[in-house]
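Survey of secondary and tertiary structure
So you can see what is in the structure, the chains are spelled out below.
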Amino acid sequence: MTSAPCIIPARGGSVVIPRKNITDLAGKPLIAWTLEAATAAVSVDDIFVSTEDDEIAEISKQYGAFIIERPQELAGNDTTSELVLLHALEQLEQANGVTPEFFIFIQCTSPLLAAVDIDACVEMLVRDGADSVIAVSEGSYYLWREHSDGTAQPVNHDPSIRLPRQLAGPQFRETGAVYAIRTEAFRAERTRYCGRTALMKMPESRAFEIDTPEDLRILLAIIRANLSN
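So, here's what we can say about the structure. (Residues numbered from 1 in each chain as written. Predicted model: local features only at pLDDT ≥ 70, side-chain atom pairs only at ≥ 80, totals over all residues. Heavy atoms only, no water.)

**Focus on the overall build of the chain**
Helix and strand counts for the chain stand at 7 helices and 11 strands. Expected size for 229 residues packed as a compact globule is a radius of gyration near 17 Å; at 19 Å, the chain falls within 12% of this value. The buried share of the chain, reckoned over its 229 residues, is 46%. Looking at the chain alone, contacts between residues at least 24 apart form 73% of all its contacts between residues at least 6 apart. For the chain, the computed accessible surface area is about 11600 Å², with 51% contributed by carbon and sulfur atoms. Across the chain, the mean location of the 20 positive side-chain charges is 5 Å away from that of the 33 negative side-chain charges. (Helix = DSSP H or I, 4+ residues; strand = E, 2+ residues; numbered from the N terminus. Rg over C-alpha atoms; globule rule 2.2 N^0.38 Å. Buried < 20%, exposed > 50% of the residue type's maximum accessible area, 1.4 Å probe, protein only. Contact = heavy atoms within 4.5 Å. Areas by Shrake-Rupley, 256 points an atom, 1.4 Å probe, with all protein chains shown as cover. Lys, Arg positive; Asp, Glu negative; His and termini not counted. Charge placed at Lys NZ, Arg CZ, Asp CG, Glu CD.)

**Digging into the pairing of strand β6 (residues 102-106)**
Within β6, 5 of the 5 residues are buried, which leaves it mostly tucked inside the rest of the structure. Residues of β6 alternate between two faces, with Phe102, Ile104 and Ile106 on one and Phe103 and Phe105 on the opposite face, all of them buried. Inspection of the sheet shows strand β1 (residues 4-9) paired to β6 by 2 bridges, in the parallel sense. By the bridge assignment, Ile7 is partnered in β6 with Phe105. Summarising the sheet, β6 and strand β10 (residues 171-182) pair through 5 bridges and their orientation is antiparallel. Note that in β10 the partner of Ile104 across the bridge is Ala180. (Pairing = 2+ DSSP bridges.)

**Looking at helix α4 (residues 115-128)**
When the terminal C-alpha atoms of α4 are compared, their 20 Å separation across 14 residues agrees well with the 20 Å that a helix rising 1.5 Å per residue should span. Where α4 is buried, its residues touch α1 (30-40), β4 (44-51), β6, β7 (132-139), β10 and β11 (197-201). One or two positions beyond α4, positive phi appears at Gly129, with a value near 70°. (Expected span 1.5 Å × (residues − 1).)

**Observations regarding the sheet that holds β6**
Each strand in a sheet pairs with its neighbour through backbone hydrogen bonds, running either in the same direction (parallel) or in the opposite one (antiparallel). Read from one edge of the open sheet, 7 strands run β5-β4-β1-β6-β10-β7-β11, paired in mixed fashion. Two strands close off the open sheet at either side, each with one partner strand: β5 (66-69) and β11. The average angle at which neighbouring strand axes cross in this sheet is 35°, direction not considered. Bridging between β4 and β5 involves 4 bridges; their strand directions are parallel. Within β5, the residue paired with Val49 across the bridge is Ile67. Seen against the sheet, α1 touches β1, β4 and β6 and runs at an angle of roughly 155° to β4. Relative to the sheet, helix α3 (residues 81-96) contacts β1, β4, β5 and β6, its axis offset from that of β1 by approximately 135°. (Axes fitted to C-alpha atoms, helices over the stretch in contact; angles between N-to-C directions.)

**Quick look at the side chain of Thr183**
Looking at the element boundaries, Thr183 is found in helix α6 (residues 183-189). Discounting residues that sit within four places of it in the chain, Thr183 has contacts with Leu89, Thr99, Pro100, Glu101, Phe102 and Phe103.

**Comments concerning the pattern of salt bridges**
Counted under the stated rule, the structure contains 11 salt bridges. A salt bridge links Arg19 to Asp53, with the shortest nitrogen-to-oxygen separation between them at 2.6 Å. Here Arg19 is found in the loop between β1 and β2 (24-25), whereas its partner Asp53 is found in the loop between β4 and α2 (54-62), with 34 residues between them in sequence. When its relative accessible area of 31% is taken as the criterion, Arg19 is described as partly exposed. Since its relative accessible area comes to 13%, Asp53 is described here as buried. Here Arg192 ties to Glu82 by a salt bridge, and the two come within 2.9 Å at their closest N and O atoms. (Salt bridge = Lys/Arg side-chain N within 4 Å of Asp/Glu carboxyl O.)

By themselves these figures say nothing about function.
So this is what it looks like as structure tokens:
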């Protein structure tokens, strides 16, 4: 299988969960789960963690990653992942003199991500000629938006002809876990959803994303239950 560099953004600051990227999850830092999955993936050659934080850098190196030193101006709450990825690609080019045809983007807040999910993203990118592949989970969701006056508006359905879920057809939720992206298209459009986007369907059981302390507690219970089986 064709391999590519893997970039994992991991800043030190976080609001909802302080030090989230290295908070303990079942005996190891959160980022370690993702690093182990990336290491096991045959489609990944080198792993690069973009961080401004010395502790995250040291932990990442212990798990085999190379460090891209992120400037403080790219470590704020409002910094997009796209800006971090563009900076990381520039640093890799300056260091190696080579522009990768494509790269793998992983977020370390999806600790149940498996190597097979990463490899499936890359396989789709290469096989299907897509410019970007995003990991999704399949389901049926009736979404609503609440306005400032408290009224609700349907987002993805017509409530006057609401169908049973089994008749509504599949919908896909972006998991945020892993992306495979062609570098040229990404730089042209400056978005992870560049060019022709394809969906890699990963099992819902691995599509868990950590955003809140409650997410951590739920995921820890799932991990402990799996270990006891």
